[in-house]
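Listed below are the residues making up each chain.
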Amino acid sequence: MKILKDILYKVTINAVVGSTGNTVNKIEFDSRKIVRDDVFVAIRGTLTDGHNYIVKAIANGATSIVCEVLPDALQDGITYIEVANSNQALAYMAANYYEHPSENLKLVGVTGTNGKTTVTSLLYQLFKKAGYKVGLLSTVKIMVDNTEHKTTHTTPDSLTINKYLKLMNDEGVEFCFMEASSHGIHQSRTEGLKFAGGIFTNLSHDHLDYHKTFADYRNVKKSFFDQLHKNAFALSNIDDKNGLVMLQNTQAKKFTYALKNYADFRAQILENEFSGLLLKVNDSELWTKLIGSFNAYNILAIYGAAELLGLEKNEILRLISELENVSGRFQYFISEEKITAIVDYAHTPDALKNVLETINSIRTKNEELITVVGCGGDRDKTKRPKMAQIASALSTKVIFTSDNPRSEDPDAIIKDMESGVEPQNFKKTLSITDRKQAIKTACQMAEAKDIILIAGKGHETYQEIKGERFDFDDYKIVSDFLKQLQK
């Protein structure tokens, strides 16, 4: 049990009704999870407003309410705390409740449009191989050293973050690598945490359904670096035109990485094949199983972060050469019929362009490149025609299909995509709403030495349609179809 006033430390409070000396069992922002003596934090969400559930929270046993607007009718015996920002209040309260677990390990946040999952996951792998106890907070999973926990958001809510960081403390974890999404930063989920460092990967078109303008999106990313303390490091990709913007106002120690510009950590691609990359990193050659120029940037970010966190240069080079690709990130295999199948999470125009350009830089052009791609429903609609334009321009054949249509009509999403196809590419395209059938068709169209790219879902093992999630694994499905063709 905690005392309410203790877990309100650093929270910006506008008004208090009642006593802050009462005990608190736990913190919740979901009224359904409230039990006796809990504190309920009313959060304004995109779909629901927690202020509408204050009465229900009290009925379930809440004795303290944190909200941005006090209810018209106040109940006797209940403490009400009016705050400036409920999301921010929740972040500080969570850190206080779990006794500031981020201060007891080295926490590194990774932000950017693409590459967050790859960079965090590979850093987790690298530090594990170096013999450390390591934590991971990523889109794919949460790892507390060797124990895996499922995740549903790129950046979990503040309570979840601090709960797992506390668990990491209990397990003796020394380093933790965390994805910091624009949604998570904007909703203050990273506040109240002490970061040892931050990494910026890149910035391109995404989430404009949420942030409305690209400038807003960029500035949210930048705010993460603005909040770093002076003893932390800020490592930024300066080949991206927004790389130096991220470093403008940070108090952290500034470091840069690049392939094209002079930087603290720089690389040159010597060889780029389906078997991997040969890089010259600063003055040393390095072989990695990862593929493509976008992964050269990821490797540079990992190399730089590892050195800034104290690992020795030669050890870093050796460990990077042992790293395995991340699930759903340029994950590929070659069938017995010599058809190459690649599954990638590319769900933004820039990510799709990077993957297709990488494939085209490696292939001989004597084979077909068949791309299966869709766009998610209830998300940024403006990127749909751009995704289709890129896919049709850089592939020899394209099948437009469903991704996670969610509440939208999948055929309407595909029509939005089709509007981006340039006239000279019309004959390359085909639309098949059912994703499984689309993958099957791509497999049937492919011949020996052809390449199939299944883009958009990557590591996801479900498809979300009309509020339901159905089992769906791109990698398994394309593998099964190609095996059937061998029979």
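Definitions and limits used
- Residues numbered from 1 in each chain as written.
- Predicted model: local features only at pLDDT ≥ 70, side-chain atom pairs only at ≥ 80, totals over all residues.
- Heavy atoms only, no water.
- Pairing = 2+ DSSP bridges.
- Helix = DSSP H or I, 4+ residues; strand = E, 2+ residues; numbered from the N terminus.
- Axes fitted to C-alpha atoms, helices over the stretch in contact; angles between N-to-C directions.
- 1 Å grid on protein atoms, 1.4 Å probe; cavity = no way out; pocket = protein on both sides within 12 Å on 5 of 7 lines; lining within 4 Å.
- Points joined across faces, edges and corners; volume = space filled by probe spheres on them.
- Nonpolar A, V, L, I, M, F, W, Y, C, P; charged D, E, K, R; others polar.
- Phe/Tyr/Trp six-rings, centres within 6.5 Å; stacked < 30°, edge-to-face > 60°.
- Buried < 20%, exposed > 50% of the residue type's maximum accessible area, 1.4 Å probe, protein only.
- Expected span 1.5 Å × (residues − 1).
- Contact = heavy atoms within 4.5 Å.
- Polar contact = N/O pair within 3.5 Å; in protein donor to acceptor, adjacent residues only side chain to side chain.

**Q** Looking at this structure, how should I read the sheet that holds strand β20 (residues 340–344)?
**A** What links the strands of a sheet is backbone hydrogen bonding, and the strands pair in either a parallel or an antiparallel sense. Read across the open sheet, the six strands follow the order β19-β20-β24-β21-β22-β23; overall the sheet is mixed. Either end of the sheet is taken by a strand with one partner, and the two such strands are β19 (331–334) and β23 (429–431). Ignoring strand direction, the axes of neighbouring strands in this sheet form an average angle of 15 degrees. With four bridges joining them, strand β21 (residues 369–373) and strand β24 (residues 451–455) adopt parallel strand pairing. Across the sheet, residue Ile370 finds its bridge partner in β24, namely Ile452.

**Q** What am I meant to see in the sheet that holds strand β15 (residues 253–258) here?
**A** Taken in spatial order, the eleven strands make up an open sheet running β11-β10-β9-β12-β8-β13-β14-β15-β16-β17-β18, and their pairing is mixed. The strands lining the two open edges of the sheet, one partner per strand, are β11 (147–149) and β18 (284–288). Each strand of the sheet is rotated relative to its neighbour by a mean of 20 degrees, with strand direction disregarded. With four bridges joining them, strand β8 (residues 106–111) and strand β13 (residues 197–200) adopt parallel strand pairing. Its bridge partner lying in β13, Gly109 is registered against Gly198.

**Q** Would you mind going over the layout of surface pockets with me for this structure?
**A** Unfilled space is identified by rolling a water-sized probe across the atoms. Taken as a whole, the second largest pocket encloses approximately 360 Å³ of empty space. Lining the second largest pocket are 17 residues, with Tyr92, Glu191, Gly192, Leu193 and Lys194 sitting closest to its centre. Partitioning the lining of the second largest pocket into residue classes produces six nonpolar, seven polar and four charged.

**Q** I'm lost on the packing of aromatic side chains in this one. Help?
**A** Here the distance between the centres and the angle between the planes together describe a pair of aromatic rings. Considering all chains together, one arrives at eleven aromatic pairs under this definition. Residues Phe274 and Tyr332 carry aromatic rings whose centres are separated by 5.8 Å and whose planes lie at 35 degrees to one another, so their mutual orientation is tilted. Of this pair, Phe274 sits in the loop between β16 (265–273) and β17 (276–281) while Tyr332 sits in strand β19, placing them 58 residues apart in sequence. Residue classification places Phe274 among the buried positions, given a relative accessible area of 17%. With a centroid separation of 5.6 Å and 70 degrees between ring planes, the pair formed by Phe333 and Tyr475 is classed as edge-to-face. Residue Phe333 is found in strand β19, and its partner Tyr475 is found in helix α16 (residues 474–486); the two are separated by 142 residues along the sequence. Under the relative-accessibility criterion, Tyr475 is labelled partly exposed at 26%. Each member of the aromatic cluster is reached from another via a ring pair, and the members are Phe127, Tyr132, Phe175 and Phe177.

**Q** Looking at this structure, I do not really get helix α12 (residues 349–362). What am I missing?
**A** Every α-helix winds through 3.6 residues per turn, so residues three or four apart in the chain are directed the same way. A rise of 1.5 Å per residue sets the reference length of α12, with its 14 residues, at 20 Å; its end C-alpha atoms lie 20 Å apart and thus fit the reference within 8%. Every buried residue of α12 is listed here: Pro349, Ala351, Leu352, Val355, Leu356, Thr358, Ile359, Asn360 and Ile362. Elements that come into contact with the buried residues of α12 comprise β16, α10 (293–308), β20, β21, α13 (383–394) and β24.

**Q** Quick question: what am I supposed to make of the pairing of β16 here?
**A** Across a regular strand the side chains alternate sides, sitting on one face of the sheet and then on the other. Bridge count between β15 and β16: two bridges; the pairing is parallel. If you follow Ala258 over to β16, its bridge partner there is Arg266. Where β16 and β17 come together, six bridges link them in antiparallel fashion. Bridging from a neighbouring strand, Asn272 pairs with Leu277 of β17. As consecutive antiparallel partners, β16 and β17 are separated by two residues.

**Q** So what exactly am I meant to see when it comes to the side chain of Ser392 here?
**A** By the element assignment, Ser392 lies in helix α13. At a separation of 2.8 Å, a polar atom in the side chain of Ser392 contacts the main-chain carbonyl oxygen of Ala388. A polar atom in the side chain of Ser392 sits 3.2 Å from the backbone oxygen of Gln389. Excluding residues that lie within four positions of it along the chain, Ser392 makes contacts with Val398, Val421, Asn425, Lys428 and Thr429.

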